[in-house]
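Structural description and commentary
So the chains spell out like this:
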Amino acid sequence: MATISARGLSKSYAGKPAVVDLSFDVEPGSVTGFLGPNGAGKSTTMRLMLGLDRGAGSTRFDGKAFTDLDQPMRHVGALLEAKPFHPTRTARNHLRMLAAANGLGSKRVDEVLAMVGLVEVARAKPKGFSLGMGQRLGLAGALLGDPHTLILDEPANGLDPQGIQWMRLFLKSLAAEGRSVFVSSHLLSEMALMADHLVVIGKGAMIASGPIAEFVRSSQQNAVIVRTPDVEALARLAQEHGGAVAREDSGALSITGLAVETLGDLAFENRIRLHELTAKVATLEEAFLERTAGAEEFQAQGLPPVTEGGAG
Amino acid sequence: MRDALAYEWTRIRTLRSTWWLTGLAMVLGVGISGLFSWGIHHEFSTTGVSSGDLDGLGGILVTQLAATGQIPSVICFVLAILGIFSWGHEYRHGMIRASLTALNSRRDLWLAKYLVVGAWVAVVALTTLLLAGLLGQLVLHAYADVLTAETFGVIGRQVVYGVLLTWLGMAFTSITRSQAFALVSLFLWPLLIESLVFVFFSFIPGLKDHTDLLRFLPFQAGGKIVNVLENSSSTFGDPLSPVGGFVVFGGLAAVLMAASYVLFRERDA
């Protein structure tokens with residue numbers, strides 16, 4: 001099973017940097033989520049990894065560049081486009097064509113069609129396929145060579161909720177078999193359920209890379225919510241022990257920088273009565289938005305005014 | 001390279017457009033030659049045959065009159081669309097990235113496309129021209145021998161022209177990455193642009209003295225590869241000899257192919 005090792009990936013368009021010196025690893029047996037705002041450079045990075053775009057840096061799949069792999073689909077499966085097929089070539093023929101390039105037979109084509117649930121439309125022309133069916137066909141293509149590594153760009157786009165759940169379980173099962181799965185997505189709640197590790201970029205540059213739990217734990221949104229009749233005393237005590245204190249509209253204190261156990265013990269030792277002591281854990285979305293603040297390529301200037309009774 | 005050839009071979013056979021363009025070229029080729037043979041038979045049977053009537057007849061008949069130098073080859077232009085589609089579909093339908101993740105050697109993919117499409121066009125063109133010749137032989141056997149050594153020579157040169165035209169269309173599509181632009185250009189260039197240049201040279205005083213240069217226009221030169229009615233004094237004389245036409249037209253195809261290869265290697269997919 002292979003480790004993906006990306007080093008110094010960089011790419012500019014007309015002098016404007018799109019990807020800036022990105023380096024990261026993707027370990028076998030895990031799903032690594034690739035996150036970033038729109039225009040952050042995720043798709044460009046994936047194309048650079050596969051030698052499709054010209055730029056600086058290198059990516060090794062178990063020590064080999066993609067362009068040095070013999071029959072590459074047997075090593076790395078990729079899904080980069082939503083509908084990467086000719087609209088009138090049948091789904092089965094599309095896969096037969098890809099299979100022919102890698103010495104794979106029709107039996108394997110039928111197997112992957114069954115794996116992604118497209119057996120019934122195998123001989124249909126994909127021009128009538130929904131976006132979700134197109135994604136399934138693209139995934140079937142990526143799986144053709146039974147590769148040890150998968151690189152998937154927004155594979156859940158266009159899938160219905162059942163399809164998204166299927167994709168999540170499917171990718172997790174592939175990772176559980178020891179494969180390296182590198183997947184980008186905008187669906188943060190899905191990523192939270194699916195990924196073991198994260199690579200987060202903004203404006204083409206690295207923001208964070210590591211275990212997802214660590215990323216979420218580092219968020220400033222993690223806090224301890226405390227309600228007490230002795231607000232001033234507890235706030236002073238928390239600050240003396242390195243905590244940052246904010247008052248919420250409800251009158252409760254939101255304290256960061258101190259563990260819930262520490263705060264409980266401090267209150268007990270100083271005879272401060274507590275009515276609530278709750279650990280508020282940040283979501284992946286909160287952590288992501290916090291870390292990528294200001295890194296959006298496209299920023300709205302504000303929300304439109306909302307009038308009572310709707311737009312009516 | 002074998003994998004790339006297998007990929008391209010499967011690609012070309014699994015497209016419906018390949019089959020209808022192939023069928024169209026064969027029907028048009030045999031049909032036009034059949035109509036021409038029937039017309040000639042009618043003429044010969046009513047007015048008799050003189051030896052001058054038979055000059056270049058076989059070549060003209062099998063090439064659907066392209067060997068007269070008056071019209072372009074119908075079947076070659078239809079078959080060249082296969083070449084335009086071979087690159088056009090890659091970019092129009094976003095296939096190129098899937099192709100290059102299935103085949104990671106750009107050189108192999110590039111070569112395989114030219115070889116497979118070129119071979120397909122050569123076989124279809126050869127088959128069509130031979131069928132056209134056989135039909136002509138059947139219809140005109142009482143008056144002339146259509147399938148002579150000279151006719152086979154013309155057939156060979158027409159096949160070469162067809163492959164060169166296809167490769168030229170492929171290279172142009174690969175460079176522009178636009179199937180629509182390449183399709184329009186393939187027909188506008190010989191039919192309109194070169195005609196416009198002719199008109200300019202005919203009416204603009206400073207250019208009138210240089211009309212002999214017009215023989216080097218690519219499609220004018222390409223037409224000389226199969227022309228059987230003109231005699232040339234030398235390879236690059238006026239008119240060009242078949243070899244001269246091949247060098248000019250083939251040279252343009254080679255230059256565009258080289259440019260397309262360099263760009264395909266260097267550009268983002």
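Residues numbered from 1 in each chain as written. Chains lettered and ligands numbered in written order. Predicted model: local features only at pLDDT ≥ 70, side-chain atom pairs only at ≥ 80, totals over all residues. Heavy atoms only, no water.

Taking an unreviewed UniProt entry as the reference, chain B is identified by name as ABC transporter permease belonging to Nocardioides marmoriginsengisoli.

Selection rule: UniProt positions are given in the numbering used here, feature names are shortened, and annotations may be inferred rather than shown by experiment.
Naming follows an unreviewed UniProt entry, where chain A appears as ATP-binding cassette domain-containing protein of Nocardioides marmoriginsengisoli. Word for word, the UniProt comment on chain A under Sequence similarities (unreviewed entry) is "Belongs to the ABC transporter superfamily."

1. Description of the overall build of chain A
For clarity, the cut-off: Numbering of helices and strands runs from the N terminus, with a helix taken as a DSSP run of H or I at least four residues long and a strand as a DSSP run of E at least two residues long. For every residue, the accessible area obtained with a 1.4 Å probe (protein chains only) is divided by the maximum for its type, and the residue is called buried under 20%, exposed over 50%, and partly exposed between those limits. Contacts: residue pairs with any heavy atoms within 4.5 Å of one another.
Across its full length, chain A holds ten helices and 13 strands. Referenced to the eigenvectors of the C-alpha coordinate spread, the extents of chain A come out at roughly 75 × 55 × 40 Å. Counting across all 312 residues of chain A, residues that qualify as buried make up 51%. By sequence separation, contacts in chain A at least 24 residues apart represent 70% of the contacts at least 6 residues apart.

2. Quick look at the pattern of salt bridges
Here is the rule we go by: The salt bridge criterion pairs a side-chain nitrogen of Lys or Arg with a carboxyl oxygen of Asp or Glu, the two atoms within 4 Å.
Considering all chains together, one arrives at 17 salt bridges over all chains under this definition. A salt bridge links R7 of chain A to D25 of chain A; the shortest N-O distance between them is 2.9 Å. Taken together, the positions of R7 of chain A in strand β1 (residues 4-13) and D25 of chain A in strand β2 (residues 16-26) put the pair 18 residues apart, joining distant regions of the chain. Take D25 of chain A: its relative accessible area is 34%, and that puts it in the partly exposed class. As a salt-bridge pair, E81 of chain A and R97 of chain B come within 2.5 Å of each other at their nearest N and O atoms. With E81 of chain A in the loop between β5 (76-79) and α2 (91-100) and R97 of chain B in helix α5 (residues 95-102), this pair bridges two chains. Where salt bridges share partners, they join E8, R11, E90 and K113 of chain B into one cluster.

3. Observations concerning the sheet that holds strand β11 (residues 244-247) of chain A
Residues and elements named next belong to chain A. Just so we agree on the cut-off: At least two DSSP bridges between two strands are required for those strands to pair. What counts as an axis is a line fitted to C-alpha atoms, over the stretch in contact for a helix, and the angles between N-to-C directions run from 0 to 180 degrees.
Taken in spatial order, the four strands line up as β11-β12-β10-β13 in an open sheet, and their pairing is antiparallel. Each edge of the open sheet is held by one strand with a lone partner, namely β11 and β13 (276-280). Neighbour-to-neighbour, the strand axes of the sheet open up by a mean angle of 25°, direction not taken into account. In terms of strand pairing, strand β10 (residues 223-227) meets β13 through five bridges, oriented antiparallel. Residue pairing in the sheet places V226 in a bridge with L277 of β13. Sheet strands in contact with helix α8 (residues 231-240) are β10, β11 and β12 (253-256), and its direction is about 150° off that of β11.

4. Concerning the UniProt feature "transmembrane region" (unreviewed entry) in chain B
Residue and element names in this part refer to chain B. Sites flagged by UniProt as "transmembrane region" (unreviewed entry) map to residues 20-40, 60-88, 109-135, 155-173, 180-204 and 243-264. Between the C-alpha atoms that bound residues 109-135 there is a distance of 39 Å. The span itself is 100% helix and 0% strand. What you have in residues 180-204 is 96% helix and 0% strand, and the ends, taken at the C-alpha atoms, are 33 Å apart.

5. A look at the packing of aromatic side chains
Residues and elements named next belong to chain B. Rules: Side-chain rings of Phe, Tyr and Trp (the six-membered ring for Trp) are treated as a pair once their centres are within 6.5 Å; stacked means planes under 30 degrees apart, edge-to-face means over 60, and tilted covers the remaining angles. Counted as over-ring charges are cases with an Arg CZ or a Lys NZ within 6 Å of the ring centre that also lie within 35 degrees of the ring normal.
Inspection of every chain in the model, using the stated rule, returns 19 aromatic pairs over all chains. On the numbers, 5.8 Å between centres and 55° between planes, the contact of W9 with W120 is tilted. Residue W9 is located in helix α1 (residues 2-13), and its partner W120 is located in helix α6 (residues 106-140); the two are separated by 111 residues in the primary sequence. Here W9 falls in the partly exposed class, since its relative accessible area comes to 43%. Counting every residue linked through ring pairs, the aromatic cluster contains F77, Y161, F187, W189, F219 and F249. The ring of W87 has K113 sitting right over it, with the charged end atom 5.2 Å from the ring centre.

6. Notes on unusual backbone geometry
Here the bond from D238 of chain B into P239 of chain B is cis, since omega is 5°, no more than 30 degrees from zero. Within the element layout of this structure, P239 of chain B appears in the loop between α10 (218-223) and α11 (242-266). Even without glycine at this site, D21 of chain A takes up a positive phi of about 50°. Topologically, D21 of chain A is positioned in strand β2. Phi is positive for R177 of chain B, close to 55°, though the residue is something other than glycine. Looking at where R177 of chain B falls in the secondary structure, it is placed in the loop between α7 (149-176) and α8 (179-203).

7. Points about the interface of chain A and chain B
To keep things clear, this is the line we draw: Here the quantity called buried area is the total loss of accessible area, with a 1.4 Å probe, experienced by two parts when brought into contact, counted for both. Any N or O atom pair separated by 3.5 Å or less is treated as a polar contact, with the protein-specific requirement of one donor-capable and one acceptor-capable atom, and with residues adjacent in sequence counted only for side-chain atom pairs. Classification used: nonpolar for Ala, Val, Leu, Ile, Met, Phe, Trp, Tyr, Cys and Pro, charged for Asp, Glu, Lys and Arg, polar for all others including Gly.
Residue-level contacts link 34 residues of chain A with 26 residues of chain B. On the chain A side of the contact with chain B, L52, R54 and M97 of chain A bury the most area, a combined 23% of that side's loss. Between the two partners, chain A and chain B, sit two salt bridges. For the pair chain A and chain B, the number of links is 14 residue pairs in polar contact (both at pLDDT 80 or more). Of all the secondary-structure elements, those providing two or more residues to the side of chain A that touches chain B are β1 and α2 of chain A. For the side of chain A that touches chain B, the element with the highest residue contribution is α2 of chain A, accounting for six residues. Split into classes, the residues belonging to the side of chain A that touches chain B amount to 16 nonpolar, eight polar and ten charged.

8. Structural notes on a negative patch on the surface
Residue and element names in this part refer to chain B. Going by this rule: Think of a patch as exposed residues, more than 30% relative accessible area, with no salt bridge, where like charges cluster within 9 Å and nonpolar side chains (Val, Leu, Ile, Met, Phe, Trp, Tyr) cluster within 5 Å. We get accessible surface area from the Shrake-Rupley algorithm with a probe of 1.4 Å; when it comes to residues, only the shown protein chains can shield them. The charge count treats Lys and Arg as positive and Asp and Glu as negative. His and the chain ends do not count. Where a charge lies is defined by one atom per residue type: Lys uses NZ, Arg uses CZ, Asp uses CG and Glu uses CD.
Together, E43, D53, D55 and E150 make up a region of like negative charge exposed at the surface. Mapped onto the elements of the fold, D55 is located in the loop between α2 (16-47) and α3 (57-62). The exposure class of D55 is exposed, given its relative accessible area of 54%.

9. Some thoughts on the packing of helix α4 (residues 131-143) of chain A against helix α5 (residues 161-176) of chain A
All names here are of chain A. Just so we agree on the cut-off: When an angle is under 35 degrees it counts as roughly parallel; over 145 it counts as roughly antiparallel; between 65 and 115 it counts as roughly perpendicular; any other value is oblique.
One can describe the packing of α4 onto α5 by two numbers: an axis separation of 13 Å at closest approach and a directional angle of 10°. What the angle tells us is that α4 and α5 run roughly parallel. On α5, the residues that touch R136, L139 and L143 of α4 are G163, W166, M167, F170 and L174. Per-class residue counts for the contact of α4 with α5 are six nonpolar, one polar and one charged.

10. Digging into the domain arrangement of chain A
The following threshold applies: Each domain span listed reflects an automatic or database assignment of domains.
When cut into domains, chain A gives domain 1 (4-216) and domain 2 (219-283). Taken over C-alpha atoms, the centre of domain 1 of chain A sits 43 Å from the centre of domain 2 of chain A.

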